[in-house]
Amino acid sequence: MRTLKLGSSGPEVSEVGLGCMGMSSMYGDTDRDESIATIHAALEAGVTLLDTGDFYGQGHNELLINEALRTAPAARREQALISVKFGGQRDPAGAFVGYDASPAAVKNFAAYSLQRLGVDHIDVYRPARLDPKVPVEETVGAIAELVEAGFVRYIGLSEVGAETIRRAAATAPIVDLQIEYSLISRSVEEAILPTTRELGIGITAYGVLSRGLISGHFTRDRKLDARDFRARVPRFQGENLRHNLGLVEALRKIAEQKGVTVAQIAIAWVASRGDDIVPLVGARRRDRLTEALGARDVTLDDFDLAAIERAVPAGAAAGDRYQPSEMAHLDSER
Ligand SMILES: NC(=O)c1ccc[n+]([C@@H]2O[C@H](COP(=O)([O-])OP(=O)(O)OC[C@H]3O[C@@H](n4cnc5c(N)ncnc54)[C@H](OP(=O)(O)O)[C@@H]3O)[C@@H](O)[C@H]2O)c1
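Residues numbered from 1 in each chain as written. Predicted model: local features only at pLDDT ≥ 70, side-chain atom pairs only at ≥ 80, totals over all residues.

Glancing now at the overall build of the protein. Along the backbone of the protein there are twelve helices and twelve strands. Against the globule reference of 20 Å for 334 residues, the protein gives a C-alpha radius of gyration of 19 Å, in line with a compact fold. Projected onto its principal axes, the C-alpha positions of the protein cover 55 × 45 × 40 Å. Every one of the 334 residues in the protein was classed for burial, and the buried ones make up 47%. Sequence-distant contacts in the protein: of pairs separated by 6 or more residues, those separated by 24 or more amount to 77%. (Helix = DSSP H or I, 4+ residues; strand = E, 2+ residues; numbered from the N terminus. Rg over C-alpha atoms; globule rule 2.2 N^0.38 Å. Buried ≥ 20, exposed ≤ 12 C-beta atoms within 10 Å, placed from the backbone. Contact = placed C-beta atoms within 7 Å.)

Here it is, written out as structure tokens:
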């Protein structure tokens, strides 16, 4: 697998990362054995970047990664880099009840993550959101102290806007910004990408399949249970869903002409945006992983890119990517 440097000051990582969130929560039922087999298959294929959050399944996701790494061949385990988000607070039933990125919370969250992951350091550590109560300099400063102490290697950000990125980068070296970026989520292109590029900060792009919506596998009659995050996302509702799946059918025509799948076109499009961008794929089954990794063999020439742009122009999606209360929490959308 090809590797890319994460930002100008970060580590080399596989050109595609594996996002493990869906293996613990957010997208309904999960299968522990298949999740672990998927992580093992990804490591075997040369994926080195595993992304998680301490609040994914309230620690479940970190424990899952711990088990997958413990049972992986030593050579694969040693190559793995773990990116962890913190800050989200949940109650025992899983409801999000608050957010804390204050310096004491940063250190407390990190202490528990290290235990759950069974590692002596976290490779990339990042606040999941900007904490409106805490200046970003204080949050990043606390992570920088963890770097100094050897508990964290690199500092990342998530879903923050250009001004916050500049303030954070003035505090300590930032290797990457994790942010939603896909054919139907392109707001990052306006002010954020020019800023990260100017500052030498990489992008780990999530939601490259818009949480499965533009994977080519999502259908209108799919029932999402109440625990599935997508049951509340505007893009997955009623008329919005009908419209958005129409965009997928336009993409499918292009995919079929190229002899590839819709998911592969969508992932290859994000990868084509630049070598500073590492798509995180949210595969939670081995067959989905194989499909996603197949995107690396898809070359999009100018003709293909123009056809894709016509099929799914910027801003074509109907409905926001989060529900209103969550949109309000996105510094990246201000
Ligand atoms: N920083 C943040 O705020 C943030 C937010 C969200 C996620 N993330 C990170 O980014 C990672 C990826 O995000 P995501 O899961 O929303 O992204 P995604 O890759 O857009 O969506 C993943 C979903 O797409 C469906 N899918 C269908 N075909 C697939 C294929 N070939 N490969 C992969 N998935 C396929 C799967 O659903 P089915 O299994 O139901 O088919 C899967 O659960 C997460 O795991 C998490 O680590 C970060």
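From this point, the narrative continues.
As a further point, take the site of the ligand. Near the ligand you find 29 residues, and of these Gly19, Met21, Tyr206, Gly212 and Gly282 are the closest. At the level of secondary structure, the elements contributing two or more residues to the shell around the ligand comprise β12 (277–281) and α10 (286–294). Among the elements that take part in the shell around the ligand, α10 stands out by supplying three residues, more than any other. Among the residues forming the shell around the ligand, the class breakdown is twelve nonpolar, ten polar and seven charged. (Near = placed C-beta within 6 Å. Nonpolar A, V, L, I, M, F, W, Y, C, P; charged D, E, K, R; others polar.)

Moving on to the packing of helix α4 (residues 103–117) against helix α5 (residues 136–148). Packing of α4 against α5 leaves a shortest axis separation of 8 Å and a crossing angle of 40 degrees. Between α4 and α5, the crossing angle belongs to the class labelled oblique. The handedness of the crossing between α4 and α5 comes out as right-handed. On α5, the residues touching Pro103, Val106, Lys107 and Ala110 of α4 are Glu138, Thr139, Gly141, Ala142, Ile143 and Leu146. Residues of the contact of α4 with α5, tallied by class, amount to six nonpolar, two polar and two charged. (Axes fitted to C-alpha atoms, helices over the stretch in contact; angles between N-to-C directions. Parallel < 35°, antiparallel > 145°, perpendicular 65-115°, else oblique. Left-handed = near helix turned anticlockwise from the far one by under 90°.)

Here we come to α10. All of the buried residues in α10 are Leu289, Glu291, Ala292 and Leu293. On its buried face, α10 sits against α1 (32–45), α9 (262–271) and β12.

Glancing now at the sheet that holds β12. The sheet built from eight strands closes into a barrel, its strands ordered β3-β4-β5-β8-β9-β10-β11-β12 with parallel pairing. Taking each pair of neighbouring strands and ignoring which way they run, the sheet shows an average axis angle of 30 degrees. Note: strand β4 (residues 49–53) against strand β5 (residues 81–86), five bridges, orientation parallel. Bridge assignment links Thr52 to a residue of β5, and that residue is Val84. (Pairing = 2+ DSSP bridges.)

Counting residues in hydrophobic clusters, the biggest one holds 96 residues, and the most contacted among them are Ala205, Ala266 and Ile267. Element by element, the count of residues in this core is highest for α9, at nine residues. Not counting residues up to four positions away in its chain, the partners in contact with Ala266 are Ser182, Leu183, Val208, Leu209 and Ile214. (Core = buried A, V, L, I, M, F, W, Y, C linked by C-beta atoms within 7 Å.)

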